[in-house]
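Chain and residue survey
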Amino acid sequence: MTRSVSSADRSRRRPHETDMPTSAANSRAKPPRGGYFLPPRLTDWSLALAGAAALVSGLISLVSGHADQWLVFALHGAAGLWLLILLWDKLRRVLPRVVRPSLWDRHTVLGVVAILMVARASAC
Amino acid sequence: MRFSALLAAGAALWPAQQGLERVLALPGARRRFTGSREAGSYAGNAFPTSSWVADQPLPLDPIAWQLTVDGAVATVLTLRYAEIAAFADELEATLDCTGGFYSTQRWRGARIGRILERAHVLSDAQWVSFISVTGYRWSLPLAEASAALLATHAGDELLSHDHGAPLRLVAPGRRGFEWVKWLARIEVRTTPDFGELVAIHTSWLTPAGRGQP
């Protein structure tokens, strides 16, 4: 959703700001050196998928104790490593915006909380 | 292509990490495949105590205590502690707690299969539910239950109260929260017990679970 901007506002705008909504501006932010490992949307959906895999395998592991159920734990471990790799690519993209309050929008807090939860889960 | 590489990298990194831990003899190499660390194996009651939720029953008097076996059986049994202990069966099994430790013990008590023989399980029986004085319960398939043990001892030591005295379930291959403590009743069933999924979260609210007489 866009909002109207006066010429006075525009003249006071700092160089990094645009007339576009913040979320749209963020999606067109300059990529980090070396580019993105994955397209941003694929990174986000992969994070969701890896998180879901970690959750499901974790729940199944609660009732798994036979040696022949090792695959459940292997999948859980692999999902944790996927999360770490994806988290690295995600942070490369969003960290410049997270550390600059002027670029925050209503999704920022939720996004940071989600990243912290993923990082915490990966560390377990 | 990169996405595939990511999946492959994650899948390859996990066994690589395991191998590195073994080569460098890192503490993680001593974990069980579940991720649990060893604690107090073959040391009687020395292994850690934990409860799935927060059951805190009062200590049970083994002299007065009785175990009831009922449900899909031809003969309802009421067994005293001394009768259970007299079986003197042994089973070496690993308790793997979801709290992060595992402990291997030589458990002593009564093979459940021998008790079920006395009760003359009916032909349509399929499950065996193990019920604690607190109301906490968990069930096993009949064949698996028959191979499990009702433990009175951990090694040469009488089971302590915190470890479920006078009687706890020893179920090889099952996680610790399935090894029901403070057993009071065994119910043979023809159908699965889905209510146990609620019972294991609410047993701490019962009078017995809260330590009331």
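That block above? That's the structure.
Sequence order as written defines the numbering, with residues in each chain counted from 1. Lettering for chains starts from A, numbering for ligands starts from 1, and both go in the order in which the items are written. Owing to the predicted nature of the model, reporting of local features is limited to residues with pLDDT of at least 70; listing and counting of side-chain atom pairs is limited to 80 or more, with chain, interface and lining totals taken over all residues. Computation of side-chain values: all heavy atoms of the structure, hydrogens and water removed.

All names here are of chain B. Pairing between strands is defined by DSSP: at least two bridges between them are needed. To qualify as a helix, a DSSP run of H or I must reach at least 4 residues; to qualify as a strand, a run of E must reach at least 2; elements of each kind are numbered from the N terminus. Taking strand neighbours across the sheet as the criterion, the five strands line up as β3-β2-β11-β6-β7 in an open arrangement whose pairing is mixed. Every other strand in the sheet has two partners, leaving β3 (77-80) and β7 (137-141) as the edge strands with one partner each. On average, adjacent strands in this sheet sit at an angle of 20 degrees to one another, irrespective of strand direction. Relative to strand β11 (residues 183-189), strand β2 (residues 66-71) runs parallel, the two being bridged by four bridges. Looking across to β11, one finds that Gly71 is bridged to Val188. Working convention: axes come from line fits to C-alpha atoms, limited for helices to the stretch in contact. Angles between N-to-C directions cover 0 to 180 degrees.

So, on to helix α1 (residues 2-23) of chain B. Residues and elements named next belong to chain B. Working rule for helices: expected span equals 1.5 Å times residues minus one. Compared with the 32 Å implied by 1.5 Å per residue over 22 residues, the 30 Å span of α1 between its first and last C-alpha is a close match. Partly exposed residues are those whose accessible area sits between 20% and 50% of the maximum for their type, while under 20% is buried and over 50% is exposed, using a 1.4 Å probe and protein chains only. Where α1 is concerned, the buried positions are Leu6, Gly10, Trp14 and Glu21. Positive backbone phi, at 55 degrees, marks Ala25, one or two positions downstream of α1.

Should any heavy atoms of two residues lie within 4.5 Å, those residues are considered in contact. On the side of chain B, 19 residues touch chain A, which itself brings 22 residues to the contact. Buried area: the sum, over both parts, of the accessible surface (1.4 Å probe) that disappears when the two are put together. Across the chain A/chain B interface, buried area totals approximately 1800 Å², and carbon plus sulfur atoms make up 73% of it. Put simply, a salt bridge is a Lys or Arg side-chain nitrogen that is within 4 Å of an Asp or Glu carboxyl oxygen. Summed over the shared surface of chain A and chain B, the result is zero salt bridges. Going through the elements one at a time, α3 (40-61) and α4 (70-98) of chain A are the ones with two or more residues in the side of chain A that touches chain B. Residue composition of the side of chain A that touches chain B, grouped by class: 15 nonpolar, seven polar and no charged. Residue polarity is assigned by list, with Asp, Glu, Lys and Arg as charged and Ala, Val, Leu, Ile, Met, Phe, Trp, Tyr, Cys and Pro as nonpolar; anything else, Gly included, falls into the polar class.

Residues and elements named next belong to chain B. To pair, rings of Phe, Tyr and Trp, with the six-membered ring standing in for Trp, must have centres within 6.5 Å; the planes then decide the type, stacked if under 30 degrees apart, edge-to-face if over 60, and tilted in the middle. Counting across every chain of the model gives five aromatic pairs over all chains. Between Trp107 and Trp179, the ring centres sit 5.6 Å apart and the planes meet at 70 degrees, which makes this aromatic pair edge-to-face. With Trp107 in strand β5 (residues 101-111) and Trp179 in the loop between β10 (168-170) and β11, this pair connects stretches of sequence that are 72 residues apart. Clustering of aromatic rings is evident, with ring pairs tying together Phe47, Trp107 and Trp179.

A separate point is the nonpolar core. For the purposes of this section, nonpolar cores are sets of buried Ala, Val, Leu, Ile, Met, Phe, Trp, Tyr and Cys residues that join through side-chain atoms within 4.5 Å. If you look at the biggest cluster of nonpolar residues, it comprises 48 residues, and the most contacted ones within it are Ile84(B), Trp107(B), Ile115(B), Phe130(B), Leu150(B) and Leu169(B). Counting residues in hydrophobic clusters, the runner-up holds 13 residues, among them Ala54(A), Ala74(A), Ala78(A) and Trp14(B).

The quantities given are spatial measurements derived from coordinates; they are silent on function.
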